There are 2 protein chains.
Amino acid sequence: MNNLEELQHFLNKGYLEYRRNLTVDCTIFGYHDGELQILLMKNKIVPVWCLPGGYARNDESLDRAATRITAERTGIENLFLNQFKTFGNPGRSAHNGNVDTQKLFELVEVSEETGNWFSGETASVGYYAITDIINARPNADFLSSECQWFSVNNLPKLGFDHDEIVREALLSMRMHLYHFPIGKNLLQQKFTLKEIRQFYEVMSGKELNASNFPNKLISLGLIVKLDEKRNIGAHRSPTYYKFDEETYENALKEGLVLA
Amino acid sequence: MNNLEELQHFLNKGYLEYRRNLTVDCTIFGYHDGELQILLMKNKIVPVWCLPGGYARNDESLDRAATRITAERTGIENLFLNQFKTFGNPGRSAHNGNVDTQKLFELVEVSEETGNWFSGETASVGYYAITDIINARPNADFLSSECQWFSVNNLPKLGFDHDEIVREALLSMRMHLYHFPIGKNLLQQKFTLKEIRQFYEVMSGKELNASNFPNKLISLGLIVKLDEKRNIGAHRSPTYYKFDEETYENALKEGLVLA
């Protein structure tokens, strides 16, 4: 919800356009210079930090809903998204019961007849995206007071079941590291083996066997050596590598096994 | 729906107990003696083969709904289940529009007022399970005329978007082969290296490098050599192996990397 008018329409007439009791929540990972962060919003009605999310429309796919929501919150169209799990434990949206309705009614006029169409158990489809932090322009929605990055190693306590959603997003993203290429648009166009190894260490959250991932990437032709070295001293001039576009795109489609 | 009474209650009063527009569909893999099959049901109302599935109740988790549905269709309680993807493209439940209502009304009395509470776009949460075929007693529900196993290599055309669901279930199960142990309750308690290699070939749908999986399983302590050989001839007496319970259960919880 980006403004008062949209919110008012949603609360009163949303049942005509949105799927009942089905939302999308997005774990947007931001990587830059060796740090992995997550984009969170502070809700005005339930004053806790939460993942960006929203209801899915009847006329859009779940993927499209996630694309719309991440574009609104980051300013980036067509972020690469992965659906990873749907959350539907009874009571997971229990904060609904604790919503400060006075506060809601101060913000927006709601008709009693239609304004509760979205009450009841709500399941949420979890997506994750990964972007370079410098490409994103975090943008709070109308119901949020703040929208900012937090290090994955220092997250605040999140509302609803969003702690669990983030935990599962990390697990899935880390499993996918072994089956899909990653790094384009996150690393510089040219990088050293040390840089790509450090990138994988940060993404996987652990010290990797120093050469495992880079060696496998080389042997599968996903990264190729350039005829150029970084000049950082007499005995230290590591060679540059870059991603091979075609192999990379094929592997994104077909999947692979890196380990 | 197991009988007329349940179906009648569901159609007329289901909105009180079930989540609107959210179902669970289960790809139940059956393995036995080197063949991988899938359990399908022939629907009476829309006469096509479909995956077992049903609506999720308000008071149960999605996992619990999948457990309930697979137990009803296979006779096995507590099948090991994996949620893999939620399907929500607009129009995916379009067969709803083609339902033979005459046929439905022949089977069951529906009040016009309440009998359409489940119309509209419905998303479905996909789960897969794996069982030994000999442990299952396939059991059609009230709205299905048949319930039987089909080889994954020779599936009929499925209704709704269930072809896509099966394709994604296979992709996910095959990715999980690299991260979770599998085979207990599917292989005999004692097996040879050749048998477990063949098992992995069938599950992954391709000829694997003969020794990759078994060797990795040995090096991680997931399978251990027994002091016993199969006697099948003078120069052919392969050693038996078995799963190590503790390592297996830990790996199921923690995940691992096999490749």
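Residues numbered from 1 in each chain as written. Chains lettered and ligands numbered in written order. Predicted model: local features only at pLDDT ≥ 70, side-chain atom pairs only at ≥ 80, totals over all residues. Heavy atoms only, no water.

All right, on to the overall build of chain A then. Check the secondary structure of chain A and you find 7 helices and 9 strands. With the C-alpha coordinates of chain A rotated into their principal frame, the extents come out at 75 × 35 × 30 Å. Out of the 259 residues in chain A, the part that is buried amounts to 49%. Summarising the internal contacts of chain A: among those between residues at least 6 apart in sequence, 77% fall at separations of at least 24. (Helix = DSSP H or I, 4+ residues; strand = E, 2+ residues; numbered from the N terminus. Buried < 20%, exposed > 50% of the residue type's maximum accessible area, 1.4 Å probe, protein only. Contact = heavy atoms within 4.5 Å.)

It is worth spelling out the environment of V166(A) at this point. All names here are of chain A. Mapped onto the elements of the fold, V166 is located in helix α4 (residues 162–176). As for V166 and Y128, which are separated by 38 residues in sequence, their C-alpha atoms are 9.0 Å apart. For V166, the residues in contact, after removing those within four places along its chain, are T27, I38, L51, L155 and L158.

Next up on the list: the packing of aromatic side chains. Each aromatic ring pair is described using two quantities: the centre-to-centre distance and the angle formed by the ring planes. Evaluated as defined, the whole model comprises 24 aromatic pairs over all chains. For the ring pair F10(A) and Y55(A), a centre distance of 5.2 Å and an interplane angle of 50 degrees mean the geometry is tilted. Highlighted residues: F10(A) in helix α1 (residues 4–13) and Y55(A) in strand β4 (residues 53–57), separated in sequence by 45 residues. Each ring, one from F10(B) and one from Y18(B), has its centre 5.0 Å from the other, and the planes form 80 degrees; the classification is edge-to-face. Both residues of the pair, F10(B) and Y18(B), belong to the buried class. Members of the aromatic cluster, connected to one another through ring pairs, are Y31(A), Y178(A), F199(A), Y200(A) and F213(A). Stacked on the ring of Y18(A), the Lys or Arg R57(A) has its end atom at 5.4 Å from the ring centre. (Phe/Tyr/Trp six-rings, centres within 6.5 Å; stacked < 30°, edge-to-face > 60°. Lys NZ or Arg CZ within 6 Å of the ring centre and 35° of its normal.)

Moving on to the pattern of salt bridges. All names here are of chain A. Evaluated as defined, the whole model comprises 26 salt bridges over all chains. Of the charged contacts, one joins R92 and D25 as a salt bridge, the two residues approaching to 3.8 Å between their closest N and O atoms. Remark: D25 occurs in strand β1 (residues 18–32) and R92 occurs in the loop between β5 (81–87) and α3 (101–107); sequence separation between them is 67 residues. Note on accessibility: R92 and D25 belong to one class, buried. What emerges from the salt-bridge pattern is a single network uniting E17, R57 and D59. (Salt bridge = Lys/Arg side-chain N within 4 Å of Asp/Glu carboxyl O.)

Let us now look at the interface of chain B and chain A. Contacts between chain B and chain A engage 25 residues on the former and 26 residues on the latter. Summed over both sides, the interface of chain B with chain A buries roughly 2100 Å², with 63% coming from carbon and sulfur. Inspection of the chain B/chain A interface yields 0 salt bridges. Between chain B and chain A we count 6 residue pairs in polar contact (both at pLDDT 80 or more) in total. For the side of chain B that touches chain A, the secondary structure elements donating two or more residues are β1 (18–32), β5 (81–87), β6 (123–132) and α4 (162–176) of chain B. Ranked by residue count, the leading element in the side of chain B that touches chain A is β5(B), at 4 residues. When the residues that make up the side of chain B that touches chain A are grouped by side-chain class, the tally is 11 nonpolar, 8 polar and 6 charged. (Buried area = accessible area lost by both parts, 1.4 Å probe. Polar contact = N/O pair within 3.5 Å; in protein donor to acceptor, adjacent residues only side chain to side chain. Nonpolar A, V, L, I, M, F, W, Y, C, P; charged D, E, K, R; others polar.)

Residue and element names in this part refer to chain B. Closest axis-to-axis distance for the helix α5 (residues 193–204)/helix α6 (residues 212–219) pair is 8 Å, and the angle between their directions is 115 degrees. By crossing handedness, the relation of α5 to α6 is classed as right-handed. For the pair formed by α5 and α6, the contact residues are L193, I196, R197 and Y200 on the first element and F213, P214, L217 and I218 on the second. Taken together, the residues of the contact of α5 with α6 break down into 7 nonpolar, no polar and 1 charged. (Axes fitted to C-alpha atoms, helices over the stretch in contact; angles between N-to-C directions. Left-handed = near helix turned anticlockwise from the far one by under 90°.)

This part is about the relation of the copies chain B and chain A. For these two chains of identical sequence, chain B goes onto chain A by a turn of 180 degrees and a shift of 0.0 Å along the axis, with RMSD 0.0 Å. This pairing of chains is accounted for by a two-fold axis. The residues that chain B uses at the interface reappear at the interface of chain A in 100% of cases, marking a shared surface. (Least-squares fit on C-alpha atoms with pLDDT ≥ 70 in both.)

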